[in-house]
Amino acid sequence: MSETDNLQNADGPENNSSPIRLNNDNEAIETEDTSSNTKSIETSIPEDESTESKDSDGHDELQNEIDDSNAEDAEDEGNKDRHTIEIKEYDKMSLEQLTAELEKLVKNEKVQAIKQHVEGIKKEFDSQFNDLLEEKKADFLSDGGNEIDFYFTSPIQKQFKNIYKEYRNKLHEHRKKLDQNLKQNLANKLEIIEEIKGLLNIEENINTTYKHFKELQEKWRNTGPIPRDKYNNAWNSYHHHVEMFYDFLHLNRDLRDLDFKHNLDKKLKIIERAEELAQDKDIMRAFRELQELHKMWKEELGPVDREHREAIWDRFKASTKIINDKRQAYYQEIDKIYEKNLDIKLDIIAKINEINSQETKSHGAWQNKIKAIEGLRNDFFNAGKVPAKVNESTWAKFKSAVRTFNRQKNAFYKGLKKDQFTNLQKKLELIKIAEDNKDSEDIEVTTALMKKIQNDWKKIGHVPRKDSDKVWNQFKAACNYFFDRLNANRNAENKDSLEAFNKKQDLLEVLKSLKLTKDKDKDLETIKDYINQWNAIGRVPNDKRYIEGKYSKVLDELFSNMKMEKDELEMIKFENKLEDLNNSDNSKNLDNERTFIRKKIDEIKAQINQLENNLQFFTNVDDDNPLVKEVRTNIENHKDELKLWKKKLSKIKELY
């Protein structure tokens, strides 16, 4: 038999009527030599009709699972990392823990590898937050609020949304860049396929052609990932034309046999590793590596001699089956654990329903029930996962039981609302008494009154929760204000403050007897000097601050005797007033003055606008009209007044 015949028989008898079909070893079973050019990878080869795909042991389903996973990983190499990132029991985490876990994943892991993790975290976060929202809403309604007015937000929700938005942005940018690369890589691989097809029509030395072929194979392997939905068709088209090239090599047996031997050696090593993995105790790690071995078998290695093909494929398939059987057994054990968890959770739900059936009429008993339910909720979340098919229904039963409890609890406390409202009115009355008497100068009588209303406060029961802190803080502030005054009156009359008071009394007498020279500049300088002396003396006891009023009155008399511009005089008085406010114990006095000035400015502006609008009604009236002249005069007066108030505002701003 000729060398040509031997080479043809190595791949089986030639059958020009048979279509090309690939087995799971990805090698041609029967090939038809066709010279037609393939236009697209979708139509380059017929559908896979592998005999192995029809195995009764279900290997085809397993092989599809492996191929699909490898196709997903091939599209984006970062996808592989998803196998090594732990998927935690998110249903056991709090909102804060879920947010921290999301932040850690987004910060430290590849964005394309954490999709399943992020979806699990977000689903659990949304579920827990919705439950919290329902509880807050129920509490709001039970306190007398209107549903339309309910609004609730949380810092942890805002933080979670920001992190999730960051994840979505990263994922969008990654996919945008990936899509560009995938399309280019697909175009490159289709070009490689066309080049391999073209080798069949080149008339040159076979060794040169073979070298070019090997370069194209290496180029194929080094080309990056392509779209997942094009992966299998592209690879099958590539493999088909590689097979056709090997058929073309029947003119040079040595080159073909050398490749067959190389591929056989590599595939035997893959089989040996698969057989080792079949004994590995970490079955999930073994299965992930098995997927890599299948990828190497399919993508990186070509065919072997026909006499070895079925044997090595069956051997590889046997190891694959062992690993998969162990994986299925592992899943069955996990399912048993999940079933036990389901029994625990159903028992917890039954206990909650039992508590719901118990009638409770006292606040103390309800507090005990609340603690019991909280404990059962924690037990439920710590019980672990349940089978996926009943996860949603189990969660729905749990939420229904908890909601029933919350409705009963809210109904009970709503019944207490009337008493709490009465208590609120009593406490508001005590607040009024405290605020009306906090400034009383009759220290002895008011002290006894304040102590009495404090005792009365303690005897009054609970008020609505939404008012509790507010009324307490208001009552406490009024009482503290009085007792702070009491302590201040007892302690403020110290040597320094009394000395300041005495000095101001002396200075006040000097001011009363001051004779002006009628020289405005000289008199103004003298008065300012006395003002500086007064301010330098310092504060006087609170119960003697009346001297400041006397001082202001004397200054007003002095200024009124001076021939000064009204605005200038007003600013001098204002500066003196500011000095007094700035030295006051109460910083709000200065704030109140600034607020007053701003309101005054707004009022004057509004008056000017109104007057200017009024002028528009006199468009056909002469300017000499008395009414028009009066309006214009008012506008100018208001503008002058506005300038003065703006000066005051600028002056007070200097103190901040």
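The shown structure was predicted, so the numbers you read here are calculated from the model rather than taken from an experiment. (Residues numbered from 1 in each chain as written. Predicted model: local features only at pLDDT ≥ 70, side-chain atom pairs only at ≥ 80, totals over all residues. Heavy atoms only, no water.)

1. Examining the overall build of the chain
Here is step 1 of the chain: When you go through the chain residue by residue, the secondary structure sums to 21 helices and 0 strands.
Here is step 2 of the chain: Long-range pairs, those at least 24 residues apart, make up 77% of the contacts in the chain between residues at least 6 apart in sequence. (Helix = DSSP H or I, 4+ residues; strand = E, 2+ residues; numbered from the N terminus. Contact = heavy atoms within 4.5 Å.)

2. Brief notes about helix 9 (residues 283-300)
Here is step 1 of the chain: With 18 residues, helix 9 extends 25 Å between its outermost C-alpha atoms, agreeing within 8% with the 26 Å of an ideal straight helix rising 1.5 Å per residue.
Here is step 2 of the chain: The complete set of buried residues in helix 9 reads I283, A286, F287, L290, Q291, L293, H294, K295, W297, K298 and E299. (Expected span 1.5 Å × (residues − 1). Buried < 20%, exposed > 50% of the residue type's maximum accessible area, 1.4 Å probe, protein only.)

3. Some points on the nonpolar core
Here is step 1 of the chain: I527, Y551, L555, L558, F559 and M564 are the most contacted members of the largest nonpolar core, which has 22 residues in total.
Here is step 2 of the chain: Among the elements of the structure, helix 16 (495-512), helix 17 (520-537), helix 18 (546-560) and helix 19 (566-582) are those that each provide at least two residues to this core.
Here is step 3 of the chain: The element that contributes the greatest number of residues to this core is helix 18, accounting for 6 residues.
Here is step 4 of the chain: The residues touching I527, leaving out its near neighbours within four places in the chain, are L514, L516, L555, L558, F559 and M562.
Here is step 5 of the chain: Of all hydrophobic cores here, the second largest spans 20 residues; its members include Y90, V106, I121 and F129. (Core = buried A, V, L, I, M, F, W, Y, C linked by side-chain atoms within 4.5 Å.)

4. Things to note about a negative patch on the surface
Here is step 1 of the chain: A cluster of acidic residues, D519, D521, E525 and D529, forms a negative patch at the surface.
Here is step 2 of the chain: Locating D529 in the fold gives a position in helix 17.
Here is step 3 of the chain: Look at D529 and you get partly exposed, because its relative accessible area is 41%. (Patch = residues over 30% accessible without salt bridge, like charges linked within 9 Å, V, L, I, M, F, W, Y side chains within 5 Å. Areas by Shrake-Rupley, 256 points an atom, 1.4 Å probe, with all protein chains shown as cover. Salt bridge = Lys/Arg side-chain N within 4 Å of Asp/Glu carboxyl O. Lys, Arg positive; Asp, Glu negative; His and termini not counted. Charge placed at Lys NZ, Arg CZ, Asp CG, Glu CD.)

5. What to know about the packing of aromatic side chains
Here is step 1 of the chain: What the rule picks out here adds up to 26 aromatic pairs.
Here is step 2 of the chain: Their ring planes at 70° and their centres at 6.1 Å tell us that W313 and F316 sit as a pair that is edge-to-face. Here F316 and W313 lie together in helix 10 (residues 306-356), a separation of 3 residues that amounts to about one turn. Judged on exposure class, the residue W313 and its partner F316 are both buried.
Here is step 3 of the chain: Centre to centre, the rings of F380 and F398 are 3.8 Å apart; their planes meet at 10°, and the pair counts as stacked. Note that F380 is positioned in helix 11 (residues 363-382) and F398 in helix 12 (residues 388-415), a separation of 18 residues in sequence.
Here is step 4 of the chain: The exposure class of F398 is buried, given its relative accessible area of 2%. (Phe/Tyr/Trp six-rings, centres within 6.5 Å; stacked < 30°, edge-to-face > 60°.)

6. Looking at the environment of K573
Here is step 1 of the chain: Within the secondary structure, K573 is located in helix 19.
Here is step 2 of the chain: For the pair formed by K573 and L555, sequence separation is 18 residues and the distance between their alpha carbons is 8.2 Å.
Here is step 3 of the chain: Discounting residues that sit within four places of it in the chain, K573 has contacts with D556 and F559.

7. Brief notes about unusual backbone geometry
Here is step 1 of the chain: Notably, K518 is not glycine yet its phi reads approximately 70°, a positive angle.
Here is step 2 of the chain: Inspection of the secondary structure assignment puts K518 in the loop between helix 16 and helix 17.

8. Notes on the pattern of salt bridges
Here is step 1 of the chain: Applying the stated rule across the entire model yields 31 salt bridges.
Here is step 2 of the chain: The residue K651 makes a salt bridge to E575 at a minimum N-O spacing of 3.6 Å. With K651 in helix 21 (residues 626-653) and E575 in helix 19, this residue pair connects regions lying 76 residues apart in the sequence.
Here is step 3 of the chain: Residue E575 is classed as partly exposed on the basis of its relative accessible area of 35%.
Here is step 4 of the chain: Each of K88, E101 and K104 takes part in one network of salt bridges that share partners.

9. What about the confidence of the model for the chain?
Here is step 1 of the chain: The pLDDT averaged across the chain works out to 79; a share of 84% of its residues lies at or above 70.
Here is step 2 of the chain: The least confident element of the chain is helix 1 (residues 3-10), whose mean pLDDT is 28; the most confident is helix 3 (residues 95-108), at 92.
Here is step 3 of the chain: pLDDT under 50 marks residues 1-57. Its contacts with residues more than four places away, or in other chains, come to 106 contacts. (pLDDT = per-residue confidence, 0-100.)

10. Section: the packing of helix 11 against helix 12
Here is step 1 of the chain: The contact between helix 11 and helix 12 brings their axes to 11 Å, and the two run at 165°. Classified by the angle their axes make, helix 11 and helix 12 are roughly antiparallel. In the packing of helix 11 onto helix 12, the handedness of the crossing is left-handed. Along the contact surface, helix 11 presents H363, W366, Q367, K369, I370, I373, R377, F380 and F381, while helix 12 presents T394, W395, F398, V402, F405, Q408, K409, F412 and Y413. (Axes fitted to C-alpha atoms, helices over the stretch in contact; angles between N-to-C directions. Parallel < 35°, antiparallel > 145°, perpendicular 65-115°, else oblique. Left-handed = near helix turned anticlockwise from the far one by under 90°.)

11. Points about the side chain of N341
Here is step 1 of the chain: Tracing the backbone shows N341 in helix 10.
Here is step 2 of the chain: Apart from the residues lying within four places of it in its own chain, the contact partners of N341 are A383, G384, K385 and V386.

12. Things to note about the packing of helix 17 against helix 19
Here is step 1 of the chain: One can describe the packing of helix 17 onto helix 19 by two numbers: an axis separation of 11 Å at closest approach and a directional angle of 10°. Taken together, helix 17 and helix 19 sit at an angle that is classed as roughly parallel. Residues K520, L524, K528, I531 and N535 of helix 17 lie in contact with helix 19, whose contacting residues are E568, I572, N576 and E579.
Here is step 2 of the chain: Its residues assigned to classes, the contact of helix 17 with helix 19 comprises 3 nonpolar, 2 polar and 4 charged. (Nonpolar A, V, L, I, M, F, W, Y, C, P; charged D, E, K, R; others polar.)

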